[in-house]
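A closer look at the structure
Take a look at the letters that make up each chain.
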Amino acid sequence: MVITRALRPLRAVIFDMDDTLFDEMQFVSGGFRAVSALVAEACQTPAEQIYDRLLAILSRHGRGRTFDLLLQEFHLEGKISVDRLVNVYRSHVPRLTLYDDARCLLGALKRERYRLGLLTDGDARVQRSKFSALGLEAYLDGAVFSDDHGCCKPSAVPYLAAGEKLGVPLSESVYIGDNPHKDFVTARKLGMFTIRVLRGPYREVCLERSFEADARVNVLEEVLDVIS
Ligand SMILES: [Mg+2]
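Residues numbered from 1 in each chain as written. Predicted model: local features only at pLDDT ≥ 70, side-chain atom pairs only at ≥ 80, totals over all residues.

Tallying secondary structure elements over the protein gives 9 helices and 6 strands in all. A globule of 228 residues ought to have a C-alpha radius of gyration of about 17 Å, and the protein, at 19 Å, matches this closely. Residues counted as buried form 35% of the 228 residues belonging to the protein. By sequence separation, contacts in the protein at least 24 residues apart represent 62% of the contacts at least 6 residues apart. (Helix = DSSP H or I, 4+ residues; strand = E, 2+ residues; numbered from the N terminus. Rg over C-alpha atoms; globule rule 2.2 N^0.38 Å. Buried ≥ 20, exposed ≤ 12 C-beta atoms within 10 Å, placed from the backbone. Contact = placed C-beta atoms within 7 Å.)

Read across the open sheet, the 6 strands follow the order E3-E2-E1-E4-E5-E6; overall the sheet is parallel. Of all strands in the sheet, those with a lone pairing partner are strand E3 (142-145) and strand E6 (215-217), marking the two edges. Adjacent strand axes in the sheet meet at a mean angle of 20 degrees when their direction is disregarded. Bridge count between strand E4 (residues 173-177) and strand E5 (residues 193-197): 4 bridges; the pairing is parallel. When the sheet's bridge partners are listed, Val174 is paired in E5 with Phe193. (Pairing = 2+ DSSP bridges. Axes fitted to C-alpha atoms, helices over the stretch in contact; angles between N-to-C directions.)

Considered domain by domain, the protein is made up of domain 1 (12-22 + 96-227) and domain 2 (26-91). The centre of domain 1, based on its C-alpha atoms, is set 30 Å off from the matching centre of domain 2. (Domains from an automatic or database assignment.)

Let us now look at the nonpolar core. Counting residues in hydrophobic clusters, the biggest one holds 41 residues, and the most contacted among them are Val13, Ile14, Leu118, Val174 and Ile176. Ignoring any residue separated from it by four or fewer positions in sequence, one finds Ile14 in contact with Gly117, Leu118, Leu119, Ala162, Ser173, Val174 and Tyr175. Judged by nonpolar contacts, the second largest core, of 11 residues, contains Ile50, Phe67, Leu70 and Ile80. (Core = buried A, V, L, I, M, F, W, Y, C linked by C-beta atoms within 7 Å.)

This brings us to unusual backbone geometry. Omega for the bond connecting Lys153 with Pro154 falls within 30 degrees of zero, at 10 degrees, which places this linkage in the cis form. Take Pro154: it is sitting in the loop between E3 and helix H7 (156-166). Phi at Gln44 takes a positive value of approximately 50 degrees, unusual for a residue other than glycine. Among the structural elements, Gln44 can be located in the loop between helix H1 (25-43) and helix H2 (47-61). Of note in this structure, His75 is not a glycine but carries a positive phi near 50 degrees.

As a further point, take the environment of Ala108. Following the sequence through the fold, Ala108 ends up in helix H5 (residues 100-111). Owing to 15 C-beta atoms within 10 Å, Ala108 belongs among the partly exposed residues under this scheme. In this structure, the C-alpha to C-alpha distance between Ala108 and Leu10, residues 98 residues apart in sequence, is 15 Å.

Further remarks concern the packing of H2 against helix H3 (residues 66-73). Taken N-terminus to C-terminus, the directions of H2 and H3 make an angle of 125 degrees; their axes are 10 Å apart at the nearest point. Looking at the two axes, H2 sits oblique to H3. For the crossing formed where H2 meets H3, the hand is right-handed. Contact residues: Arg53, Leu54, Ile57, Leu58 and His61 in H2; Thr66, Leu69, Leu70 and Glu73 in H3. (Parallel < 35°, antiparallel > 145°, perpendicular 65-115°, else oblique. Left-handed = near helix turned anticlockwise from the far one by under 90°.)

A word on H5. Look at H5: 17 Å from first C-alpha to last across 12 residues, which is about the 16 Å you get at 1.5 Å a residue. Those residues of H5 that sit buried are Ala102, Leu105, Leu106 and Leu109. In an axial view of H5, the angular spread of the buried residues amounts to 100 degrees, which keeps them on one side of the axis. Turned more than 90 degrees away from the buried face of H5 sit Asp100, Gly107 and Arg111, all of them exposed. For H5, the elements touching its buried residues are strand E1 (12-15), strand E2 (115-120) and helix H9 (222-227). Positive backbone phi, at 65 degrees, marks Arg113, one or two positions downstream of H5. (Expected span 1.5 Å × (residues − 1). Arc of directions from axis to C-beta.)

The next subject is the packing of H1 against H2. Relative orientation of the contacting elements H1 and H2 amounts to 130 degrees, with a least axis distance of 8 Å. Accordingly, the angle class assigned to the pair H1 and H2 is oblique. For the pair H1 and H2, the sense of crossing is right-handed. On H2, the residues touching Phe32, Arg33, Val35, Ser36, Ala37, Val39 and Ala40 of H1 are Ala47, Ile50, Tyr51, Leu54 and Leu55. Grouping the constituent residues of the contact of H1 with H2 by class yields 10 nonpolar, 1 polar and 1 charged. (Nonpolar A, V, L, I, M, F, W, Y, C, P; charged D, E, K, R; others polar.)

If you want it as structure tokens, here you go:
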């Protein structure tokens, strides 16, 4: 764990969502369940078996071609389209819960009267559905879905939009995320203080200095020590 204390007054905290505030596999799992139910009906195979295959394909091949490979495996190309499965996946109603440390931190920061925001990448409809399922509107003063701006991190556009939404200069704001490939490089250039939570699929990733955060924490409760 590396904690570097912020040396300036900070008034706003902006969060990444997936794998920072909740375990994104919760959404993936729910989406796979919805897809499995549809595919099971088409090929007379138990949905549980389809679900297990989806997890195995994801683990072996990563994201991108999961549904193509599933349809191939069950000889369903031409009967069900990948687009249909993507739509079922994206439109399922998710049941999600915040990480315990995320709920604690959000509550504590709100009590301390920080302005709180969200900046998240990904399909805007999906991200809004996660946002609602997590009950984030109870904590946050503003959310930016970069997809609405036709861009994604590390573009500067969504960070600037988030600062504007919260009415706080980025130099007095913190960005907290889990993905060093895109979460911190631009945020730091824009003058934000950045904090990386070490979890999720990027936990072990170590990049050059410009992509790293100013501080690293194992659990979000440590954030309070860093910024206060
Ligand atoms: Mg993330």
